[in-house]
Amino acid sequence: MQSRSPAWVTGVAAWVAVTGAVITASQGLPGRKLEARTSQELNPGSPRGTWASSLPGFTQKYPPVKFLSEKDRKRILITGGAGFVGSHLTDKLMMDGHEVTVVDNFFTGRKRNVEHWIGHENFELINHDVVEPLYIEVDQIYHLASPASPPNYMYNPIKTLKTNTIGTLNMLGLAKRVGARLLLASTSEVYGDPEVHPQSEEYWGHVNPIGPRACYDEGKRVAETMCYAYMKQEGVEVRVARIFNTFGPRMHMNDGRVVSNFILQALQGEPLTVYGSGSQTRAFQYVSDLVNGLVALMNSNVSSPVNLGNPEEHTILEFAQLIKNLVGSGSEIQFLSEAQDDPQKRKPDIKRAKLMLGWEPVVRVGATPLVVKGSSPPPPPAPQGVALAPRLHSGASRQT
Ligand SMILES: NC(=O)c1ccc[n+]([C@@H]2O[C@H](COP(=O)([O-])OP(=O)(O)OC[C@H]3O[C@@H](n4cnc5c(N)ncnc54)[C@H](O)[C@@H]3O)[C@@H](O)[C@H]2O)c1
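Residues numbered from 1 in each chain as written. Predicted model: local features only at pLDDT ≥ 70, side-chain atom pairs only at ≥ 80, totals over all residues. Heavy atoms only, no water.

### Observations regarding the environment of serine 303
What counts is decided by this rule: Helix and strand labels come from DSSP, where a helix needs a run of H or I of at least four residues and a strand needs a run of E of at least two; each type is numbered from the N terminus. Remark: exposure states derive from per-residue accessible area (1.4 Å probe, protein chains only) relative to the maximum for the residue type, with buried under 20%, exposed over 50%, and partly exposed in between. Contacts are assigned to residue pairs with any non-hydrogen atoms lying within 4.5 Å of each other.
Its place among the elements puts serine 303 in the loop between helix H8 (287-298) and strand S13 (306-308). Under the relative-accessibility criterion, serine 303 is labelled partly exposed at 26%. Taking the C-alpha atoms as reference points, serine 303 and methionine 231, 72 residues apart in sequence, are found 9.1 Å from one another. Sequence-distant contacts of serine 303, that is, excluding residues within four places in its chain, are made with Tyr228, Met231, Val238 and Arg239.

Take a look at the structure:
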């Protein structure tokens with residue numbers, strides 16, 4: 001079956017494999033390994049890659065880290081850095097040789113997503129809620145803190161609003177105080193249920209301001225407004241990434257996003273739940289592409305919003321069928337009533353990212369076999385046992 005599968009599933013396939021492994025791991029395999037070996041054995045010649053644990057006789061091996069001179073090394077804050085996207089961004093920036101501080105309140109993020117860096121001299125993890133002010137000296141701020149999936153952001157809509165409004169104000173205030181550049185992780189949800197297809201950055205959106213998704217959609221819209229107010233009034237350098245649906249390792253298994261839902265349901269032999277007819281479309285990008293886009297945007301001089309997503313569009317039903325086949329599951333596809341304000345179409349126009357950042361997804365959707373353009377492969381998988389948060393109960397679903 002796999003040989004005949006469209007290759008857009010290949011990214012999913014890799015992830016299914018990881019997911020299966022982590023289900024096994026959660027049922028009894030040990031997590032992170034600490035090995036009784038010397039620093040020299042682990043990383044011979046590496047100037048910054050090893051760390052002697054406080055446990056006598058144990059050393060921790062870190063993923064390889066580039067050496068950057070003082071001049072090139074940046075102090076980077078990632079809010080929400082223990083979450084799905086934030087932890088991959090942490091990996092990239094750490095491996096690139098920067099000093100990374102992750103701030104997270106662990107609402108949806110998990111320490112285990114970044115535990116492979118704990119103790120590294122370039123890494124710091126702070127348990128902090130961005131709704132409270134933060135005083136820290138940094139050069140760049142990637143502001144990702146916010147629940148991202150409907151069940152999570154609808155769980156406490158007031159908190160979602162506070163995180164996206166007060167939290168963003170706090171981070172912009174910090175950026176202003178220390179002269180840092182701030183990148184906001186905004187979302188394609190600012191386009192709501194779009195009347196324009198595909199969605200370009202010029203489109204102002206079609207959002208129900210009092211619907212169940214408004215706490216997130218409007219929260220992100222006002223967060224963007226805040227960024228540009230700080231830019232115009234206070235001269236803060238801002239970057240705004242409008243992120244489209246993303247998937248990959250460490251995505252929460254129970255947060256109701258469609259790819260994780262389908263994989264989990266297929267693995268557990270449960271019906272794959274499709275809301276409405278399944279003809280609504282989505283376009284999914286692999287997390288390594290997103291991370292490369294975020295870093296390119298941060299380091300560019302593009303201050304206007306930029307869509308980051310994969311324009312390959314598929315119906316939800318197509319996704320359900322392909323994941324079912326890929327997993328080799330006998331699950332039925334079950335049609336449930338349409339979810340309120342569920343966008344019918346979603347596809348990024350990425351002309352701006354291509355033109356201004358030279359960025360486009362390299363993990364391709366729709367070609368056979370998987371085509372990786374350029375020389376940049378997806379980042380290496382996380383150390384075994386930290387690939388996904390092992391929360392494996394399927395949650396309330398939306399086709400987000
Ligand atoms: N993953 C996607 O498909 C997608 C799409 C569009 C936008 N985004 C945006 O990207 C960012 C990251 O999304 P993700 O998929 O990694 O979600 P995630 O839930 O895995 O990560 C969000 C992180 O923010 C933390 N957080 C939440 N509220 C906080 C608070 N008040 N203070 C400190 N930390 C807090 C969570 O604990 C978590 O670690 C979010 O801002 C999201 O809106 C993601």
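Next, the rest of the story.
### A short note on the site of the ligand
Let me state the cut-off plainly: A cutoff of 4 Å decides nearness: a residue is near a molecule or strand if any of its heavy atoms lies inside that distance of it. Counting of polar contacts relies on pairs of N or O atoms within 3.5 Å, with two restrictions inside protein: one atom must be capable of donating a hydrogen and the other of accepting it, and residues adjacent in sequence are counted only when both atoms are side-chain atoms. Areas reported as accessible are Shrake-Rupley estimates using a 1.4 Å probe. Residue values count occlusion only from the protein chains shown. Cavities and pockets were defined on a 1 Å grid built from protein atoms only: a cavity is a group of points that admits a 1.4 Å probe but offers it no way out, a pocket is an open group of points flanked by protein on both sides within 12 Å along at least five of seven lines, and a lining residue is one with an atom within 4 Å of any such point. For this analysis, a molecule is said to be in a pocket or cavity if more than half of its atoms are within 2 Å of the grid points defining it.
Inspection of the region around the ligand gives 31 residues, with Asp104, Thr108, Tyr216, Lys220 and Arg257 positioned closest. One nitrogen or oxygen atom from the main chain of phenylalanine 84 is found 2.8 Å from an oxygen atom belonging to the ligand. A distance of 2.8 Å is found between an oxygen atom of the ligand and a side-chain nitrogen or oxygen belonging to lysine 220. Isolated, the ligand exposes 820 Å² of accessible area, and the fraction of that covered by the protein chains is 98%. More than half of the atoms of the ligand fall within 2 Å of the grid points belonging to the largest cavity.

### Side note on the packing of aromatic side chains
To keep things clear, this is the line we draw: Here the aromatic set is Phe, Tyr and Trp, taking the six-membered ring for Trp, and pairing holds for ring centres within 6.5 Å; pairs whose planes are under 30 degrees apart are stacked, those over 60 apart are edge-to-face, and all others are tilted.
Within this structure, the stated rule accounts for 8 aromatic pairs. Ring geometry for tyrosine 191 against tyrosine 203: centres 6.0 Å apart, planes inclined by 20 degrees, an arrangement best described as stacked. With tyrosine 191 in the loop between strand S7 (181-187) and helix H6 (214-234) and tyrosine 203 in the loop between S7 and H6, this residue pair connects regions lying 12 residues apart in the sequence. Classification of tyrosine 203 as buried rests on a relative accessible area of 13%. A ring pair is formed by phenylalanine 284 and phenylalanine 319, whose centres lie 4.5 Å apart and whose planes are at 85 degrees; its orientation type is edge-to-face.

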